[in-house]
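# Summary of the model geometry
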Amino acid sequence: MNVHPTKQEVRFHQNRLVHEAVKTVVEETLRQKAAALFQVPAPPSDSMGEKFGRIGEPVGGYTVYPADTTIARELEPQVPLMIKEIPVVLGQLKETYILCETKEGLLLVDQHAAHERRVFEKLKKSYDSATLECQPFLIPPRVEFSPSESRTILKKMGELSQLGITLEHFGGGTFIVRSVPNILVDVQWESFLREVLPLLEEQGAVKGDQMVERLLALMACHGAIRAGQRLSKEEMISLVEQLDEVEVPTNCPHGRPVFKRVSFYEIEKLFRRVL
């Protein structure tokens, strides 16, 4: 109804109902506009999934055990200390190191240290069991010493024989090596005896495990494959496989490492393939 003579003001008979009706229409209009502006794309249909393929993982199943059930823990199988599988021998580096490929990466074996450990343990086992096998020379090597060295040799010949080294005095400073442990045939005996004499003089008679082990370690060092010695593929394979037969394959008798590992991760890190 009109409440002003010039019709500048109009009042509704049911003012609240009209207000609510207008409010509802305005809110609905604004809601539709907002939905159009911020519409979220619908998820792909099955046809799109078939077209591009689905990416997902199967849902893992879980086994429910009763509260009083005891689940036994399986022990991991024992593996050799040296390697977990037979390595693939790749070759020889600087005629000193044997390069092998394993599942973990690269295995580098010091050929002298590896063979020295092998020879030492065989000598030690034979010495401890008093079954040290010796081999006489068909053509005995002759070694020359100074007068002072000769006197020491003459005093220590009996003790050297306990280690399987039999010497014979040939007159003056000349000695003949009659027999040696059969594992030590290819040895420069003059060099070995010159090196072992100070040890014998220092320690006295050959006795005690520590003294014997020092002498056997020196014998193994002189009787082992040398650094700079070319090996065939078969010799390299045999030497690496023998490491699983020794008691301490990680170090030579003097404490140097026998082998080192370089993982694939370390190699790829060197080439910046990984961070």
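The shown structure was predicted, so the numbers you read here are calculated from the model rather than taken from an experiment.

### Structural notes on helix α7 (residues 233–242)
Quick reminder: α-helices carry 3.6 residues per turn. Residues three or four places apart thus point the same way. Inspection of α7 places Met236, Leu239 and Val240 among the buried residues, and these make up the whole buried set. For α7, the arc enclosing every buried residue in end-on projection is 95 degrees, short of the 170-degree limit, so these residues lie on one face. Summarising the contacts, the buried residues of α7 are in contact with β1 (88–93), β2 (97–101), β3 (105–110) and α3 (111–128).

### Quick look at the environment of Leu200
Looking at the secondary structure, you find Leu200 in helix α5 (residues 189–203). Here the alpha-carbon distance between Leu200 and Leu215, two residues 15 residues apart in the chain, equals 8.7 Å.

### What to know about the sheet that holds β1
Strands sit in the order β1-β2-β3-β8 across an open sheet of four strands; the sheet is antiparallel. The outermost strands of the open sheet, each flanked by one partner alone, are β1 and β8 (259–263). Direction aside, the axes of adjacent strands within the sheet are offset by 25 degrees on average. With five bridges connecting them, β3 and β8 associate as antiparallel partners. Counterpart to Leu107 in the pairing with β8 is Arg261.

### Observations concerning the pairing of strand β6 (residues 166–171)
When β6 meets strand β7 (residues 174–181), the two strands line up antiparallel, connected through five bridges. Bridging from a neighbouring strand, Gly171 pairs with Thr174 of β7. Where β6 folds back on β7, the antiparallel hairpin that results is connected by two residues, among which Gly172 adopts a positive phi of roughly 65 degrees.

About the criteria used
Residues numbered from 1 in each chain as written. Predicted model: local features only at pLDDT ≥ 70, side-chain atom pairs only at ≥ 80, totals over all residues. Heavy atoms only, no water. Buried < 20%, exposed > 50% of the residue type's maximum accessible area, 1.4 Å probe, protein only. Helix = DSSP H or I, 4+ residues; strand = E, 2+ residues; numbered from the N terminus. Arc of directions from axis to C-beta. Contact = heavy atoms within 4.5 Å. Pairing = 2+ DSSP bridges. Axes fitted to C-alpha atoms, helices over the stretch in contact; angles between N-to-C directions.

Keep in mind these numbers describe shape, not what the thing actually does.
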